[in-house]
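Structure at a glance
Read off the chains here:
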Amino acid sequence: MRWHLMKQTIWMALAMLGIGLLPSCQSAEDKRPENLIPEDRMANILTEVHMAESRVSRLGLRSIDSSNLAYKHLENQIFKKFKVDTAAYSKSYTYYSSHPSEMEAIYKQVVDNLKKKTEAPKKPTRS
């Protein structure tokens, strides 16, 4: 079960990366925003975002509106946890989306983070 969730989350992350990179083909945001979130912090935020998306999808809510409300609530908690506002997140995501090598590095870290979170904790062995 855990492996299935991990595979699903990794595929979701890769799909989001692909979708995020599509706008970069159309117009590049070359100028670094003043409030750009550093790559390692962005990876941690995106890890939490993908986990929130997974949680909402497992709720089995029948209406898209309910799913969106549940996700927005979790997203707001993530932004509070990382002390980031939606504008900084949005500008940073747009910037990184238009710089594929940087976004790839971020998503490699996201995938590693997700793998660590889905691995079962090892039980201590008794001698």
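Residues numbered from 1 in each chain as written. Predicted model: local features only at pLDDT ≥ 70, side-chain atom pairs only at ≥ 80, totals over all residues. Heavy atoms only, no water.

Turning our eyes to something else, we now look at the overall build of the protein chain. Summing up its helical and strand segments, the protein chain has five helices and zero strands in all. Taken from the N to the C terminus, the helices and strands of the protein chain come in the order α-α-α-α-α. In the protein chain, which comprises 127 residues, the proportion classed as buried is 38%. Sequence separation of at least 24 residues holds for 82% of the intrachain contacts in the protein chain that already meet a minimum separation of 6. (Helix = DSSP H or I, 4+ residues; strand = E, 2+ residues; numbered from the N terminus. Buried < 20%, exposed > 50% of the residue type's maximum accessible area, 1.4 Å probe, protein only. Contact = heavy atoms within 4.5 Å.)

This paragraph deals with the pattern of salt bridges. All chains considered together, the criterion is met by four salt bridges. Between Lys117 and Glu48 there is a salt bridge; the shortest N-O distance is 3.8 Å. Taken together, the residues Lys117 in helix H5 (residues 100-118) and Glu48 in helix H2 (residues 39-59) connect sequence positions 69 residues apart. By relative accessible area, Lys117 is classed as partly exposed at 44%. Taken together, the shared-partner salt bridges connect Glu48, Lys81 and Lys117 into one network. (Salt bridge = Lys/Arg side-chain N within 4 Å of Asp/Glu carboxyl O.)

Here we take up the nonpolar core. In globular proteins that are soluble, nonpolar side chains generally tend to be buried together. Grouped together as the largest cluster of nonpolar side chains are 25 residues, with contacts concentrated most on Met42, Ile45, Leu46 and Tyr89. Only H2, helix H3 (64-81), helix H4 (86-97) and H5 provide two or more residues apiece to this core. Top contributing element to this core by residue count: H2, with seven residues. (Core = buried A, V, L, I, M, F, W, Y, C linked by side-chain atoms within 4.5 Å.)

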